[in-house]
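Architecture and fold: a report
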Amino acid sequence: MEYPGNLFVVAAPSGAGKSSLVKALLELDAKLSVSVSHTSRAPRGQEQHGREYLFIAPDEFRSMVDRSEFFEWAEVHGNLYGTSRAAIEARISHGDDVVLEIDYQGALQIKQLFPHAVLIFILPPSWDELKQRLIRRGDTEEAVIAQRMENARHEVAQARHFDFVVINAVFETALFDLKSVVQAQRLKYATQRRNRSTVFRALDLI
Ligand code: GDP
Ligand code: ADP
Ligand code: 5GP
């Protein structure tokens, strides 16, 4: 499947800074929008239906799976998460760029469907720093932290399947790196030819 818009897929172990970085990236770049996933988990704290996620019952999620309404879906930490076709197809077919903030299993499914998707893995600078960020964020239960650290070991091992790696030590540096990946994708020959066709035509390249 070839769409004119770029698809950026960002994955990371919980606590590496994925949400903070993507949020800051979107504020810098008006041409990017994020895909809102469906999930079977209950909303936390201030989360709103349609903003962080589309919250649906597990049965409804299963029905959507049966109707092939997801591009990808996965079970993460015991809950179901998925990217619906409706969430991204309209946008990338119109040439808009979309960011998916999803787990590594979903990222690898997307790469199979869209080989041009750009897969970016966010790494924490160390295990110790990852743990500190989980604690600072408010995950205080020892068992929850231990479970997330255990999962993180498996998740981090998947980074080798990704196109780019951003190490989130200093936030502003990581944000610059993430922005650079987006910019590099937009400067690719095929993308430039599509988006800057007037220049290409003037130079007899089309
Ligand atoms: P949540 O969605 O409410 O959990 O918020 P996040 O965890 O995604 O981020 C909270 C805020 O902190 C965001 O506005 C981030 O931009 C900001 N932030 C997080 N870490 C750093 C950092 O190291 N440096 C800077 N400058 N901002 C940060
Ligand atoms: P994720 O979405 O990957 O689970 P978050 O974006 O929620 O991670 O970040 C986890 C915690 O780490 C948050 O409290 C966030 O403010 C903090 N954080 C993110 N990046 C950095 C950084 N470079 N230095 C210090 N703290 C950070
Ligand atoms: P949380 O419940 O903490 O918001 O997210 C838990 C995990 O599910 C994170 O790793 C997040 O990236 C992942 N996730 C969120 N939405 C999707 C999605 O649509 N598809 C997949 N595969 N994973 C998702």
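Criteria and thresholds
Residues numbered from 1 in each chain as written. Chains lettered and ligands numbered in written order. Predicted model: local features only at pLDDT ≥ 70, side-chain atom pairs only at ≥ 80, totals over all residues. Heavy atoms only, no water. UniProt positions renumbered as here; feature names shortened; annotations may be inferred. Near = heavy atom within 4 Å. Polar contact = N/O pair within 3.5 Å; in protein donor to acceptor, adjacent residues only side chain to side chain. Areas by Shrake-Rupley, 256 points an atom, 1.4 Å probe, with all protein chains shown as cover. Nonpolar A, V, L, I, M, F, W, Y, C, P; charged D, E, K, R; others polar. Pairing = 2+ DSSP bridges. Helix = DSSP H or I, 4+ residues; strand = E, 2+ residues; numbered from the N terminus. Axes fitted to C-alpha atoms, helices over the stretch in contact; angles between N-to-C directions. Salt bridge = Lys/Arg side-chain N within 4 Å of Asp/Glu carboxyl O. Buried < 20%, exposed > 50% of the residue type's maximum accessible area, 1.4 Å probe, protein only. Arc of directions from axis to C-beta. Contact = heavy atoms within 4.5 Å. pLDDT = per-residue confidence, 0-100.

Under the annotation held in an unreviewed UniProt entry, the protein chain carries the name Guanylate kinase and is attributed to Roseateles aquatilis. What UniProt states about the protein chain under its Catalytic activity (unreviewed entry) heading is, verbatim, "GMP + ATP = GDP + ADP". What the UniProt record of the protein chain gives under Function (unreviewed entry) is the line "Essential for recycling GMP and indirectly, cGMP."

Here the focus is the site of ligand 3. Surveying the vicinity of ligand 3 reveals 15 residues, the closest of which are S37, R41, Y53, E72 and Y81. E72 has a polar side-chain atom sitting 2.6 Å from a nitrogen atom of ligand 3. Compared with its free state, where it exposes 510 Å², ligand 3 has 90% of that area covered by protein. The class makeup of the residues in the shell around ligand 3 is 5 nonpolar, 4 polar and 6 charged.

This part covers the sheet that holds strand β2 (residues 32-34). Read across the sheet, 5 strands follow the order β2-β7-β1-β8-β9 without closing on themselves; strand pairing throughout is parallel. Looking at which strands have only one partner, the edges of the open sheet turn out to be β2 and β9 (164-167). Across the sheet, the mean angle separating the axes of adjacent strands is 25° when strand polarity is ignored. Here strand β1 (residues 7-11) runs beside strand β8 (residues 118-123); their pairing, made up of 4 bridges, is parallel.

We now examine the site of ligand 2. Neighbouring ligand 2 are 15 residues; G15, S19, S20, R137 and N168 lie closest to it. At 2.7 Å, a backbone N or O of G15 approaches an oxygen atom of ligand 2. Contact distances for ligand 2 include 3.4 Å between an oxygen atom and a backbone N or O atom of A16. Protein chains bury 77% of the 570 Å² of accessible surface belonging to ligand 2 in isolation. Elements represented by at least two residues in the shell around ligand 2 include exactly α1 (18-28) and α5 (127-137). Here the shell around ligand 2 is composed, by residue class, of 5 nonpolar, 6 polar and 4 charged.

This part takes up the pattern of salt bridges. A full pass over the atoms with the stated rule returns 10 salt bridges. Here D29 and R186 are joined by a salt bridge, their closest N and O atoms 2.8 Å apart. With D29 in the loop between α1 and β2 and R186 in helix α7 (residues 171-186), this pair connects stretches of sequence that are 157 residues apart. In this structure R186 comes out as buried when scored by relative accessible area, which is 12%. Linking R133 and E129 is a salt bridge whose minimum nitrogen-to-oxygen distance equals 2.8 Å. Here the residue R133 and the residue E129 both occupy positions in helix α5, the gap between them amounting to 4 residues, near one helical turn. Residue classification places E129 among the partly exposed positions, given a relative accessible area of 24%. Here the salt bridges share partners, and the residues they tie into one network are D29, D97, K179 and R186.

Among all positions of helix α4 (residues 104-113), only Y104, G106, A107 and I110 are buried. All buried residues of α4 fall inside an arc of 155° around its axis, so they share one side. Among the structural elements, β1, β5 (70-76), β7 (97-101), β8 and α6 (142-156) are those in contact with the buried residues of α4.

Once that is clear, we can look at the confidence of the model for the protein chain. The predicted model of the protein chain averages 94 in pLDDT, with 99% of residues at 70 or higher. Both scores are available for the predicted complex, with the pTM at 0.84 and the ipTM at 0.73.

Take the pairing of β7 next. Taken across its 5 residues, β7 has 4 buried, putting it largely inside the fold. Bridge count for β1 against β7 is 4 bridges, and the pairing is parallel. Of the residues in β7, the one forming a bridge with V10 is E101.

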